[in-house]
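# Structural overview for review
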Amino acid sequence: MALTSGLGGQLSIDLGALARNWRALDQVSAGALTAAVVKADAYGTGISMASKALYAAGARFFFAATPDEGMAVRAAVPDAHIFILNGLYPGAANLYVRQNLMPVLSSMAMLEEWLAKCLERNEAYPAALHFDTGMNRFGFRLNEAPLVRERLQTLGYSPQMIMSHLACADQPNHEKNRTQLALFGSVMAQFPGIPASLSNSAGLMTGRDYHFQMVRPGIALYGGRAVNGRKNPMAPVVTLHVPILQVKEARTGETVGYGAGYSLSRDSRLAVVGHGYADGFFRSLSSSNSRPGGKVAIRGKLCPVVGRVSMDQITVDITELGHDVPNPGEAAEILGPHISIDDQADAAGTVGYEILTSLKGRYNRNYVGDGNLPPE
Ligand SMILES: *Cc1c(COP(=O)(O)O)cnc(C)c1O
């Protein structure tokens, strides 16, 4: 494959696949609303384009992490319902009101600041409440629930939604899932009639008990593996191809790259690929003689990275390609049909989330398709 435009690589984002993934999850969670989590630039895919495609597919509820991200969604999708997962940033209530962003309130301080704004303007601006059922990240502690409820009752304020977040949903049999489910039930009982939301992608796939009124998938929309130890049912959204810059021969016993930690055990053919850790190819994908590293696909075959990943290059052993020698300018596949984001994540000792959110390299980003699907 030759790279089509520009001298660098091509990151291709399939908005049709994104839209189909949303539809597929919406079917699994039928009966609940299916939101779309678009934080971190929509997991690296581009928050504006992704939000538009998800809206076209049917999504109306969006979760961003920060108010800046919320504003990007607002600009792309004017009538979206937008929640800000990081809550209310101190002093930012006016901005939320102006942009019609709903903070996910997770502390008494946030709640009081929001209620003060509502009282000041005599308007019940919508917000969600996050209760901590076991993450010890965001959320009111469970013993604060009666106080929160009392405060809201006094003012006659009803939250838009109550939510919590699962710590171990990627392991469906983990007992913590059931514990959190039960604790969330105890919170719901204190807020009767208020819509509830507990599940990320993995929780959504765990079963109906976890759906409640709204599910909040992120990673699965973007084609990542949500549940460990199962075949990933989602369509891949992202492919990345980068240029081979040089092809060379090297001899047995020579070393490759910084630190000379990889020495060749045979006469080899090597390809130098224009892609390094500055492009999001993790340095932990380096290999030494004692530890295998990442792989890239060249002419459809997986070829191992040899030696350390540099800032701007990786060296790949293409000896196994035999006489099928690639030409400089030809593409190496970093992510695509032969290497999924989770393959690359497993090799790098990380998760697909980090692979996606690190796609900020020196390559063109191009979009394929859109969110317009045939009607259901
Ligand atoms: C990121 C996030 C999600 C989405 O999680 P995925 O595992 O990507 O599906 C849902 N809820 C909260 C609170 C989050 O922070």
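Values in this document were obtained by computation on a predicted structure and should not be read as measured data.

### Notes on the domain arrangement of the chain
When its domains are assigned, the chain resolves into domain 1 (31-222) and domain 2 (238-368). Computed over C-alpha atoms only, the centres of domain 1 and domain 2 are separated by 39 Å. Contact with domain 1, which involves nine residues of that partner, is made by nine residues of domain 2. Here domain 1 meets domain 2 over a buried area of about 790 Å², counting both sides, of which 66% is carbon and sulfur. The interface formed by domain 1 and domain 2 holds one salt bridge in total. The interface formed by domain 1 and domain 2 includes three residue pairs in polar contact (both at pLDDT 80 or more). With three residues, the top contributor of residues to the side of domain 1 that touches domain 2 is helix α2 (residues 39-43). Split into classes, the residues belonging to the side of domain 1 that touches domain 2 amount to five nonpolar, three polar and one charged.

### Comments concerning the side chain of serine 197
Relative to the elements of secondary structure, serine 197 occurs in strand β9 (residues 196-197). Serine 197 gets classed as buried once you look at its relative accessible area, which sits at 0%. Within the structure, serine 197 has its side chain in polar contact with the backbone oxygen of methionine 214 (distance 2.9 Å). Polar side-chain contacts of serine 197 include one of 2.9 Å to the side chain of arginine 216. If we skip the residues at most four places from it in the chain, serine 197 touches Met161, Ile162, Met163, Ser164, Phe184, Met214, Val215 and Arg216.

### What about the environment of histidine 275?
Inspection of the secondary structure puts histidine 275 in the loop between β12 (268-273) and β13 (295-298). Sequence spacing of histidine 275 and arginine 362 is 87 residues, and the spatial spacing of their C-alpha atoms is 8.2 Å. Histidine 275 has contacts with Leu240, Val242, Phe281, Asp312, Gln313, Ile314, Ile334 and Tyr363, leaving out every residue within four places of it along the chain.

Conventions adopted
Residues numbered from 1 in each chain as written. Predicted model: local features only at pLDDT ≥ 70, side-chain atom pairs only at ≥ 80, totals over all residues. Heavy atoms only, no water. Domains from an automatic or database assignment. Contact = heavy atoms within 4.5 Å. Buried area = accessible area lost by both parts, 1.4 Å probe. Salt bridge = Lys/Arg side-chain N within 4 Å of Asp/Glu carboxyl O. Polar contact = N/O pair within 3.5 Å; in protein donor to acceptor, adjacent residues only side chain to side chain. Helix = DSSP H or I, 4+ residues; strand = E, 2+ residues; numbered from the N terminus. Nonpolar A, V, L, I, M, F, W, Y, C, P; charged D, E, K, R; others polar. Buried < 20%, exposed > 50% of the residue type's maximum accessible area, 1.4 Å probe, protein only.

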